[in-house]
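Summary of structural features
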Amino acid sequence: MDCQKLAERLLPGKYPALSFYEEKYPPRALGRDAEVTRLAPSPTGFIHLGNLFVAIANERIAHQSGGVMYLRIEDTDDKRRVDGAVEAVKNALRYFSIRFDEGAEIGGDDTYAPWYQRQRAEIYRAFVKDLVARGKAYPCFCTEEELSALREAQTEAKKITGYYGEYARCRNLTEDEIYRNLDAGKPFVIRLKSEGNAEHKLSFRDEIKGDITVTENDQDVVILKSDGIPTYHFAHAIDDHFMRTTLVIRGEEWLASLPIHLELFSVLGFDRPRYGHNCSLMKQDGETRRKLSKRKDPELSLEFYRQEGYFPRAVRVYMLTLLNSNFEEWYRKNPEKPLEEFPFSVRKMGKSGALFDLDKLNDISKNELSCLSAEEMYAFLKEWADEYGSAEEKKYFENRDYLLKVLNLVMGTGGKKRRKDIMTARQSMTLLSYFFRKGNREDAYRTDAKTKDDILNAFLNTYDCNDDAQVWFSKLKEVASSLGFAAEMRDYKADPGAYKGSVSDVAEVLRIATTGRANTPDLWTVMRILGAEETKKRIREEIGT
Ligand code: GLU
């Protein structure tokens, strides 16, 4: 077979010599230990927690080593491409402070561009042409129907499915048959002529999983599709080589394709990057643990965290907790330090499934947000509300001073103990709502209607908005005792049967009357913020209800 001639027929025209690309994309002038890493998502419009999980690892490793992190868009599958997806990827990752140095729509050094695989078609074709010319790849004319019939027959015979060995029909076409098909204008793909043997095991050093055994590839995988665009497998090998990637941290779902990738690097004659396959994010579901699922778990999508208004640093802290086993301890000891100072290490990455627990994230989130100043909280909430808040919630930000006062109270700033009530921006809107309007009563009164009215009337009779906290409270105690409630908690505890309840039950009635809730920050301050008019109006409305 004249492979040279076949290559010319399949991919006619002049392509640059392969050495041209080696010179065009030279090894990077970086320090010896510098790592070049990347995130290489497909523009499907769905960017998920797994992407962020590996993005954080890749970003840390690159920047910690004085290297480079870039963004490549793997758009070889046009059917899955969604408009606006690249913007969505960029925005989602920017929210979590993933800093790319170069890449699609990033700016930065463009030596290794283009960053969209579809724009790199010529490079891939030049290498496919070379493989054909060297007898390492061949055209395949099998139709979709023939391939699915093959799959069915293989499944029936309990064989491994795919295009390999005796099943790789077009591998052994004669020169005549090939040219007859070409002359007849039959569409074709180009397949790798695998030299592997599935009986052979290879030992492989994975940067995360350690020494593992993989089966040699024997599949004649498609490298160039009939539209002249390569498959992901082929494109990624070319790109990781010419973008001079040194380390690929990616999800362990790619482990199954690793044998193909190893063979491609070898047949292309490239040194391959090191790979680390990161464990999947798992979720406890009753008794079992399963992978987070797009269909069942909204928290898999990164959009979820922005819509709910999670504090990005909290998500980052949680991801780092899951990524590096020693992060939690480091963070406990260094709560004030920038997260970038944590010495991230591939060796400390988990080998098997990381349990993702939204409750744990919520706790971290409350903690992180409780460290903000009221001004910082204001800025964070406003940014969220501008994008996701309802028309009513947007109005909360019209009077900055008022909201700052509210936030100081709700967060307990100034006091010794910070409150940890705010978990996400969305949830905080509910928490803050009663400062802006009297909402629905969320908690029911625990006293009967008459006692409630008596308490509210008695309070209104003594209420003076100029009272300081102490006077306010002593008046409340008077109201309590005048209505048969214990003014002192210890008296109530000593003889509960002698009272209708204690002063705290009286306070609860007032709390529900003014805010609709049984739990709020300091009620005296709440009333101060609401102002005398509003406080009285709300209490009056509750009498007789
Ligand atoms: N395009 C693949 C993805 O969507 C990238 C796999 C890899 O990192 O090699 O996840």
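This report concerns the structure included in the present document. Bear in mind the structure is a predicted one, so any value in this text is a computation, not a measurement.

**Comments concerning the sheet that holds strand S8 (residues 222-224)**
Strands sit in the order S4-S5-S8 across an open sheet of three strands; the sheet is antiparallel. One side of each edge strand has no neighbouring strand; the edge strands of this open sheet are strand S4 (137-140) and S8. Each adjacent strand pair in this sheet contributes to an overall mean axis angle of 45°, direction not counted. Here S4 runs beside strand S5 (residues 189-192); their pairing, made up of four bridges, is antiparallel. Its bridge partner being in S5, Pro139 is matched across the sheet by Ile190.

**Regarding the site of the ligand**
Taken together, Arg38, Ala40, Ser42, Glu74, Tyr232, Arg250 and Trp254 are the residues near the ligand. Backbone polar atom of Ala40 to a nitrogen atom of the ligand: 2.8 Å apart, as the coordinates give it. One of the side-chain N or O atoms of Glu74 is found 2.5 Å from a nitrogen atom in the ligand. Out of a free accessible area of 300 Å², the ligand has 83% covered by protein chains. In this structure the site holding the ligand corresponds to the largest pocket. Along the lines of polarity and charge, the residues of the shell around the ligand split into three nonpolar, one polar and three charged.

**A closer look at the packing of aromatic side chains**
Per the counting criterion, the structure on display carries 31 aromatic pairs. Aromatic pair Tyr378 and Phe397: ring centres 5.6 Å apart, planes at 65°, arrangement edge-to-face. Taken together, the residues Tyr378 in helix H14 (residues 374-388) and Phe397 in the loop between helix H15 (391-395) and helix H16 (400-411) connect sequence positions 19 residues apart. Both residues of the pair, Tyr378 and Phe397, count as buried. Taken together, a centroid distance of 5.6 Å and an interplanar angle of 80° make the contact between Tyr402 and Phe436 edge-to-face. Of this pair, Tyr402 sits in helix H16 while Phe436 is found in the loop between helix H17 (425-432) and helix H18 (449-462), placing the two residues 34 residues apart along the sequence. When its relative accessible area of 27% is taken as the criterion, Phe436 is described as partly exposed. Ring pairing ties together the aromatic residues Phe20, Tyr21, Tyr25, Tyr112, Phe127, Phe242, Phe265 and Phe270, which thus form one cluster. The ring of Tyr179 carries the charged tip of Lys5 above its face, separated from the ring centre by 4.7 Å.

**Topic: the pairing of strand S2 (residues 68-71)**
Covered by surrounding structure in S2 are Val68 and Tyr70 together with Met69 and Leu71, the residues of both alternating faces. Regarding topology, helix H3 (residues 49-64) serves as the crossover connection from strand S1 (residues 36-39) to the parallel S2, and that connection is right-handed. Direction of pairing for S2 relative to strand S3 (residues 102-103): parallel, over a ladder of two bridges. Within S3, the position partnered with Tyr70 by the bridge is Glu102.

**Describing the layout of surface pockets**
By volume, the largest pocket is sized at about 880 Å³. Every residue lining the largest pocket is counted, 36 residues in all, and those nearest its centre are His48, Gly50, Asn51, Glu253 and Trp254. Of all elements in the fold, only S1, H3, helix H4 (85-95) and strand S9 (247-251) reach the threshold of two or more residues within the lining of the largest pocket. A per-element tally of the lining of the largest pocket places H3 first, with five residues. Of the residues that constitute the lining of the largest pocket, the class distribution is 17 nonpolar, ten polar and nine charged. Quantified by volume, the second largest pocket comes out at close to 630 Å³. Along the walls of the second largest pocket sit 22 residues, with Glu144, Leu147, Arg151, Arg191 and Val222 positioned nearest its centre. For the lining of the second largest pocket, the secondary-structure elements that each account for two or more residues are helix H6 (144-156) and S5. Taken together, the residues of the lining of the second largest pocket sort by class into eleven nonpolar, six polar and five charged.

**Details of the pattern of salt bridges**
Within the structure shown, the criterion is met by 50 salt bridges. Measuring nitrogen to oxygen at the nearest pair gives 3.0 Å for the salt bridge that ties Arg134 to Asp130. By relative accessible area, which is 22% here, Asp130 ends up partly exposed. Salt-bridge contacts for Lys537 lead to Glu534; the nearest nitrogen and oxygen are separated by 3.8 Å.

**A look at the sheet that holds strand S11 (residues 281-285)**
The mixed open sheet is built from three strands, whose spatial order is S12-S11-S13. Looking at the sheet topology across the chains shown, the edges are occupied by strand S12 (288-291) and strand S13 (354-355).

**Looking at the packing of helix H8 (residues 232-242) against helix H9 (residues 258-268)**
The contact between H8 and H9 brings their axes to 10 Å, and the two run at 55°. Considering their axes alone, H8 and H9 lie oblique with respect to each other. As H8 packs across H9, the resulting crossing turns out to be right-handed. Two secondary-structure elements touch here, H8 through Tyr232, His233, Phe234, His236, Ala237, Ile238 and Asp240 and H9 through Ile260, His261, Leu264, Phe265 and Leu268. Here the contact of H8 with H9 is built from residues that sort into eight nonpolar, three polar and one charged.

**What to know about empty space enclosed by the protein**
Inspection of the entire model under this criterion finds two cavities of 30 Å³ or more. The volume enclosed by the largest cavity comes to roughly 50 Å³. Forming the boundary of the largest cavity are Lys366, Leu369, Ser370, Met377, Val410, Met411, Arg419, Lys420, Asp421 and Ile422. Of all elements in the fold, only helix H13 (358-370) and H16 reach the threshold of two or more residues within the lining of the largest cavity. Broken down by element, the lining of the largest cavity gets its largest block of residues, three residues, from H13.

Calculation criteria
Residues numbered from 1 in each chain as written. Predicted model: local features only at pLDDT ≥ 70, side-chain atom pairs only at ≥ 80, totals over all residues. Heavy atoms only, no water. Pairing = 2+ DSSP bridges. Helix = DSSP H or I, 4+ residues; strand = E, 2+ residues; numbered from the N terminus. Axes fitted to C-alpha atoms, helices over the stretch in contact; angles between N-to-C directions. Near = heavy atom within 4 Å. Polar contact = N/O pair within 3.5 Å; in protein donor to acceptor, adjacent residues only side chain to side chain. Areas by Shrake-Rupley, 256 points an atom, 1.4 Å probe, with all protein chains shown as cover. 1 Å grid on protein atoms, 1.4 Å probe; cavity = no way out; pocket = protein on both sides within 12 Å on 5 of 7 lines; lining within 4 Å. Sits in = over half its atoms within 2 Å of the grid points. Nonpolar A, V, L, I, M, F, W, Y, C, P; charged D, E, K, R; others polar. Phe/Tyr/Trp six-rings, centres within 6.5 Å; stacked < 30°, edge-to-face > 60°. Buried < 20%, exposed > 50% of the residue type's maximum accessible area, 1.4 Å probe, protein only. Lys NZ or Arg CZ within 6 Å of the ring centre and 35° of its normal. Right-handed = clockwise from strand over helix to strand, strands pointing away. Points joined across faces, edges and corners; volume = space filled by probe spheres on them. Salt bridge = Lys/Arg side-chain N within 4 Å of Asp/Glu carboxyl O. Parallel < 35°, antiparallel > 145°, perpendicular 65-115°, else oblique. Left-handed = near helix turned anticlockwise from the far one by under 90°. Contact = heavy atoms within 4.5 Å.

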